Every structure is written in C-alpha cells, then in structure tokens.
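Single-letter residue listing:
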Amino acid sequence: MEAREFPMAQHPVDSLRRTIETVRGTVEYASIGEGDPVLVLHGMPGGFDQGILGFDWIADAGLRLIAPSRPGYLGTPLSSGESYQAAADAYAAMLDGLHIDQVSVVAISGGGPSAYLFAIRHPDRIKRLVTIDCIAMQTPMPADFNGLASKLYFSDAGQKLFNWLARKYPRFILSQLIKDNSHLTTEEINDQVKIAMQDQNQVKSMLRILKTMGQFPLRKAGVLNDIKQFTTMAPIELAEIRCPTLIVHGTHDNLLLYQAVFASNQIAGSQCLFVMKGSHFCAWIHPDAARTQKTIIEFLKGTSLH
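To keep things clear, this report deals only with the structure shown in the data block. Because the structure is a prediction, the values reported are computed rather than measured.

What counts as what
- Residues numbered from 1 in each chain as written.
- Predicted model: local features only at pLDDT ≥ 70, side-chain atom pairs only at ≥ 80, totals over all residues.
- Heavy atoms only, no water.
- Helix = DSSP H or I, 4+ residues; strand = E, 2+ residues; numbered from the N terminus.
- Expected span 1.5 Å × (residues − 1).
- Buried < 20%, exposed > 50% of the residue type's maximum accessible area, 1.4 Å probe, protein only.
- Axes fitted to C-alpha atoms, helices over the stretch in contact; angles between N-to-C directions.
- Parallel < 35°, antiparallel > 145°, perpendicular 65-115°, else oblique.
- Left-handed = near helix turned anticlockwise from the far one by under 90°.
- Contact = heavy atoms within 4.5 Å.
- Nonpolar A, V, L, I, M, F, W, Y, C, P; charged D, E, K, R; others polar.
- Salt bridge = Lys/Arg side-chain N within 4 Å of Asp/Glu carboxyl O.
- Phe/Tyr/Trp six-rings, centres within 6.5 Å; stacked < 30°, edge-to-face > 60°.
- Pairing = 2+ DSSP bridges.
- Right-handed = clockwise from strand over helix to strand, strands pointing away.

Notes on helix 9 (residues 200-211)
Under the 1.5 Å per step criterion, the end-to-end length of helix 9 is 16 Å for 12 residues, consistent within 8% with the ideal 16 Å. Looking only at helix 9, the buried set comprises Gln 202, Val 203, Ser 205, Met 206, Leu 207, Arg 208, Ile 209 and Leu 210.

Let's talk about the packing of helix 3 (residues 84-97) against helix 4 (residues 112-121)
Close contact between helix 3 and helix 4 brings their axes to 8 Å; oriented N to C, the two are set at 65 degrees. The orientation of helix 3 relative to helix 4 falls into the category roughly perpendicular. Every pair of crossing elements has a handedness; the one defined by helix 3 and helix 4 is right-handed. Contacts from Tyr 84, Gln 85, Ala 87, Ala 88, Asp 89, Tyr 91, Ala 92 and Leu 95 in helix 3 reach Pro 113, Ser 114, Leu 117, Phe 118 and Arg 121 in helix 4. Here the residues of the contact of helix 3 with helix 4 sort into 9 nonpolar, 2 polar and 2 charged.

Here we look at the pattern of salt bridges
This structure, assessed with the given rule, holds 12 salt bridges. Two residues, Asp 226 and Arg 70, come together in a salt bridge whose shortest N-O distance is 2.8 Å. You can see Asp 226 sitting in helix 10 (residues 220-232) and its partner Arg 70 sitting in the loop between strand 4 (64-68) and helix 3, a full 156 residues away along the chain. The class for Asp 226 is buried, based on a relative accessible area of 1%.

So, the packing of aromatic side chains
In the structure shown here, the tally under the stated rule is 3 aromatic pairs. Ring geometry for Phe 55 and Trp 57: centres 5.8 Å apart, planes at 35 degrees, overall tilted. Classification of Phe 55 by relative accessible area gives buried; the value is 1%. Considering the side-chain rings of Phe 55 and Trp 284, the 5.2 Å spacing of their centres and the 90 degrees angle between planes classify their relative orientation as edge-to-face. Of the two residues, Phe 55 sits in helix 2 (residues 48-60) while Trp 284 sits in the loop between strand 8 (271-275) and helix 12 (289-300), which places them 229 residues apart along the sequence. Note on Trp 284: relative accessible area 6%, which makes it buried.

A word on the pairing of strand 6 (residues 126-132)
Most of strand 6 is tucked away: 5 of the 7 residues are buried. As judged from the 5 bridges shared by strand 5 (residues 103-108) and strand 6, these two strands associate in the parallel manner. Considered in strand 6, the bridge of Ala 107 is made with Thr 131. Once you follow strand 5 into helix 4 and on to strand 6, the crossover reads as right-handed. When strand 6 meets strand 7 (residues 245-250), the two strands line up parallel, connected through 4 bridges. Note that in strand 7 the partner of Val 130 across the bridge is Leu 246.

Okay, here's the thing in structure tokens:
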C-alpha cells in the first residue's frame, strides 16, 4: 500500500457544543447555518459532531442545521431518552427550549427509529423527513457489526488505528469501509474507490465520518443502548407518518435495504431514492454522492426532485 498523507479534516466542532436543560433531561447539541431549521440525527457511533461534520452541506445550502447528540452519546445522558420514543420526546423538548416550532428531520442509520417516532409522536413539529440508510424495524444485529469491524469501530484503540490508517492509507480504508458496509464485488469496490480518491470531498467525508466515531468511551453508553434497542424494539407504526418523506438507500447496503422498502411501502406518498450500487455510506462515498446530496437539499427546500 502506498502511503499518502491526508490531513485529518478540521472543524471547530467543540466550540459549537451546547447543552440545554429540558423537561426530558439534558440534551447536547450544536447548530450552524441560517434559514429553515433541519434536525439531523446521527448514526452509531456518533454524536453532535457527526451531525456537523457529516451534514454541513445542508447548512451550506442555506438551511439551519441543528445536530443533537442522541441519548447516551457524548454530552447527552442516556437518562434523557433510553427508548427511541423517549428520545423523540427529548428532541421535541430541546426544540421547545430553542423556541423552534417546526423542523425538517434528516436521519442516518441508527438515527432512523427515533426520527420515524418523532414524526409519529410530534406530527405538528415536523415539515419533512429524510432517512438515509436507516433502520426502520427490529434488527437482529446492529448496523456494520461483525468481528473485525466491531473491534475497529467500537473501541477507542481501534478508532485511533482506523484514523491513522485513514490519513496514511486512505485508499485502503475507503475500500474497507465499502466492503464492510455493502455486498459489492471487489471489482465494484475498486471502481468506486478509484473515483472517490479523485474527489477531495469524498476523501474528506471519510475522514470526517471516522473522526466522529472516536473517543469511544464517551459514546459507549449510546452504542450499547442502540444495540439493545435495535434487537428488541417494538414495531414502529410507520403508516401513521403523514409528512412528506424521502427515503434514501444504497441498493447494495449489506444489511438494511429491505427496511427501506418496508418503510416506503408503509408511509403513504413517500418518495424513494435508491442509489445504484450504493453502500451504507452512499450519500458520501459513491460516484453519485454529490447528486444524492443535491436531491436531499431540493426535497428539504420543497423543490422538485430530479
């Protein structure tokens, strides 16, 4: 493997960190941008930093990005919403404290259940819903969870190694991310990595995503709770969702595609964007990633989808 040094993506996320005391408990969040507010719910692992570093393109498009740490992650204690129903209520309480009446919601992966439940439990608070490679139902194993990947993704030492490798050998880590999160062939993975290496935005996205998985001890409670909730949660009454909904999913996501199909069948009038040969990271690392992000922005702004 040829070593090629990429600087780790920098962003003053710590200076954006805020906490708010609500009737549901403490909620940590960060906000950037101006315009109509968009609530972004991160995956597993993650935190408010994943919302900022992974979705700043929403703020760049003229919208206000509000990114909480889900309960159990970083500065939001698990007691603020151990169940996904309680987490959805905590988001509503946070919005009360911020004096925000309505938001659009964007969720990725493990942020899906509480996003869907927010739309169901607080229908007057949500304008539009976008789910990206999201969990929508009980899942036997958490997303991206297998032997080697779990040791890398879900340990502090593993994350430090992963981030070092990403800076030194980005081609290898891009390949590993796609391999662990898709059922693409080796040739298809190599084709996507070749394109990604020529696109600084995709390389930057990879580095930023990995950065928001570090400091694992501060995210461990949230990860363990997600694992518990994924495997035991009751069915979500998706048919009760009435807001405009866009479901984005990679066709070659190795675990969750069937959940997107199920959600689209349950939510009346929902629109789907299935990213061909897309992995679990299809909105960031894929030949059509920029187009996918543009489509999401158009939906959030209420303009026609292309």
